[in-house]
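Reading the structure
Each chain, written out:
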Amino acid sequence: MLRLRPMLPEEFPAYCDYFIADYSEELVENYGHPKALAIELAKSDLQRYFPAGPVSQGHSLLCLDAEIAGQICRVGYLWHAIHAADHSTFIYDLYVEAAYRSQGFGKQAMVALEQQLQPLGIQQIKLRVAYHNQRACKLYQELGFAITGFNMSKNITHPVSD
């Protein structure tokens, strides 16, 4: 059984370490940013949304806790932000640690999130998933998410001047 709970301040540094490494790799892979720039962009996003740590106006950082071999373990993280005006939430990050993948925790986290959101009048969950992340695409489609668009990009190469 998986439980979502608010992240504690002392857990925030570990989340930052994970997020900066993971998100900067995504920025390099998907947008072609140099590694140093990607790291700075990831740090900037965390600072913008969580200037005072995990408790932030409008954004929720949650830990995914599961009982494994009789012990409560943190198996991942979920970051989302509710947009009351359109009765939706946007998931910025759902992460299950590698050792706990393929055990249903991602699906359980999404079901638990839905259960938390229903009493709040939230009617839609939105997210963006990288095209190459087929595991995530499959999970979200199994949960009833529909593809609503595609992000596309093109790198422009410039000829070298003499």
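Anything mentioned here points back to the structure above.
These remarks concern the structure in this document. All of these numbers come straight from a predicted model, not from anything done at the bench.

**Some remarks on the packing of aromatic side chains**
For the coordinates displayed, the defined rule picks out 16 aromatic pairs. Residues Y49 and W79 carry aromatic rings whose centres are separated by 5.6 Å and whose planes lie at 70° to one another, so their mutual orientation is edge-to-face. Linking Y49 in helix α2 (residues 35-49) with W79 in strand β4 (residues 71-83), this pair joins segments that are 30 residues apart in sequence. Since its relative accessible area comes to 2%, W79 is described here as buried. Where Y49 meets Y92, the ring centres are 5.5 Å apart and the plane angle is 55°; that geometry is what we call tilted. You can see Y49 sitting in helix α2 and its partner Y92 sitting in strand β5 (residues 88-96), a full 43 residues away along the chain. Ring-pair connections join several aromatic residues into one group, and the members of that group are F12, Y15, Y18, F19, Y23, Y49, F50, Y77, W79, F90, Y92 and Y95.

**Thoughts on the side chain of D93**
Residue placement: D93 occurs in strand β5. A polar atom in the side chain of D93 sits 2.9 Å from the side chain of Y18. Ignoring sequence-local partners within four residues, the contact set of D93 consists of Y15, Y18, F19, Y77, L78 and W79.

**Focus on helix α3 (residues 105-117)**
Taking 1.5 Å per residue, 13 residues should reach 18 Å; α3 reaches 18 Å between its end C-alpha atoms and fits that length. For α3, the full list of buried residues reads F105, G106, A109, M110, A112, L113 and L117. Down the axis, α3 shows its buried residues gathered within 165° of arc, on one side only. Along its buried surface, α3 packs onto β1 (2-6), β3 (59-68), β4, β5, β6 (124-127) and α4 (134-142).

**Regarding the environment of E142**
Relative to the elements of secondary structure, E142 occurs in helix α4. Sequence-wise, E142 and K107 are 35 residues apart; in three dimensions their C-alpha atoms are separated by 8.8 Å.

**Some remarks on the nonpolar core**
Of all hydrophobic cores here, the largest spans 24 residues; its most connected members are L4, L64, V75 and L94. Counting residues per element, the ones that place at least two in this core are β1, β3, β4, β5, α3 and α4. Of the residues forming this core, the biggest block, 6 residues, is contributed by α3. Ranked by size, the runner-up nonpolar core spans 15 residues in total, among them I20, L46, L61 and Y95.

**What about the pattern of salt bridges?**
Here the structure, examined in full by the defined rule, presents 11 salt bridges. Between D65 and R5 there is a salt bridge, and its shortest N-O distance comes to 2.5 Å. Note that D65 is positioned in strand β3 and R5 in strand β1, a separation of 60 residues in sequence. Residues R48 and D45 are paired through a salt bridge, measuring 2.3 Å at the closest nitrogen-oxygen approach. In this pair, R48 and D45 are both assigned in helix α2, 3 residues apart and thus about one turn of the helix distant.

Rules used in this analysis
- Residues numbered from 1 in each chain as written.
- Predicted model: local features only at pLDDT ≥ 70, side-chain atom pairs only at ≥ 80, totals over all residues.
- Heavy atoms only, no water.
- Phe/Tyr/Trp six-rings, centres within 6.5 Å; stacked < 30°, edge-to-face > 60°.
- Helix = DSSP H or I, 4+ residues; strand = E, 2+ residues; numbered from the N terminus.
- Buried < 20%, exposed > 50% of the residue type's maximum accessible area, 1.4 Å probe, protein only.
- Polar contact = N/O pair within 3.5 Å; in protein donor to acceptor, adjacent residues only side chain to side chain.
- Contact = heavy atoms within 4.5 Å.
- Expected span 1.5 Å × (residues − 1).
- Arc of directions from axis to C-beta.
- Core = buried A, V, L, I, M, F, W, Y, C linked by side-chain atoms within 4.5 Å.
- Salt bridge = Lys/Arg side-chain N within 4 Å of Asp/Glu carboxyl O.

These figures come from the coordinates and say nothing about function on their own.
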